[in-house]
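Topology and contacts: notes
One letter stands for each residue in the lines below.
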Amino acid sequence: MRKKKTSTFRRLLPYVAGGVFVFLALVFLPGPNGLIKVLSRRHQLGSLRRQLDQTDRRIDSLETWRAQLEDPEFATEYARRCLGRPPVPDTTHPAR
């Protein structure tokens, strides 16, 4: 039985496809607008957005804290808790 001849194109197709793939990978992966750079920028953008959200939450928390400290009763009670309560005067024995 005779073996069927394959065309030159069919034999070279895997090499041509591999060469094109390697060429595109070398051009698009490491370049200034390449896939690696784009993915890195996306990751950095997500990270910055998370930091911005955390900062916004911290600002809201500090604004709430400042509003609470503007209340004199809360500020006095907070100062007492932080500095310790002064001794309570003994009312059973009057001062002489």
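In this report, the structure presented in the accompanying data block is examined. For clarity, every value in this text was computed on a predicted model and none was experimentally measured.

1. Considering the overall build of the protein
On a plain count of helices and strands, the protein comes out with three helices and zero strands. When burial is assessed residue by residue, the protein has 2% of its 96 residues classed as buried. For the protein, the exposed area adds up to about 9700 Å²; of that, 62% sits on carbon and sulfur atoms.

2. Notes on the pattern of salt bridges
Under the counting rule described, the total for this entry stands at one salt bridge. A salt bridge links Glu70 to Arg66, with the nearest nitrogen and oxygen atoms 3.5 Å apart. Taking relative accessible area as the criterion, Glu70 reaches 55% and is therefore assigned exposed. With a relative accessible area of 54%, Arg66 lands in the exposed category.

3. Some details on helix H1 (residues 8-28)
The terminal C-alpha atoms of H1, which comprises 21 residues, lie 30 Å apart, in line with the 30 Å expected from a rise of 1.5 Å per residue. Where H1 bends most, the angle comes to about 35°, and this point is Pro14.

4. Topic: a nonpolar patch on the surface
Taken together, the side chains of Leu12, Tyr15, Val16, Val20, Phe23, Leu24, Val27 and Phe28 present a nonpolar region at the surface, about 820 Å² in accessible area. Examined against the element boundaries, Leu12 turns out to sit in helix H1. Exposure remark for Leu12: the relative accessible area of 44% places this residue in the partly exposed category.

5. Notes on the packing of aromatic side chains
By convention here, two paired aromatic rings are described through the distance between centres and the angle between planes. Evaluated as defined, the whole model comprises three aromatic pairs. With a centroid separation of 6.4 Å and 10° between ring planes, the pair formed by Phe74 and Tyr78 is classed as stacked. Here Phe74 and its partner Tyr78 are both found in helix H3 (residues 72-83), four residues apart, which amounts to about one turn of the helix. Grouped by ring-pair contacts, the aromatic residues Trp65, Phe74 and Tyr78 constitute a single cluster.

Procedures and definitions
- Residues numbered from 1 in each chain as written.
- Predicted model: local features only at pLDDT ≥ 70, side-chain atom pairs only at ≥ 80, totals over all residues.
- Heavy atoms only, no water.
- Helix = DSSP H or I, 4+ residues; strand = E, 2+ residues; numbered from the N terminus.
- Buried < 20%, exposed > 50% of the residue type's maximum accessible area, 1.4 Å probe, protein only.
- Areas by Shrake-Rupley, 256 points an atom, 1.4 Å probe, with all protein chains shown as cover.
- Salt bridge = Lys/Arg side-chain N within 4 Å of Asp/Glu carboxyl O.
- Expected span 1.5 Å × (residues − 1).
- Bend = angle between axes of the 7 residues up to and from the residue.
- Patch = residues over 30% accessible without salt bridge, like charges linked within 9 Å, V, L, I, M, F, W, Y side chains within 5 Å.
- Phe/Tyr/Trp six-rings, centres within 6.5 Å; stacked < 30°, edge-to-face > 60°.

These results come straight from atomic positions and should not be treated as a statement about function.
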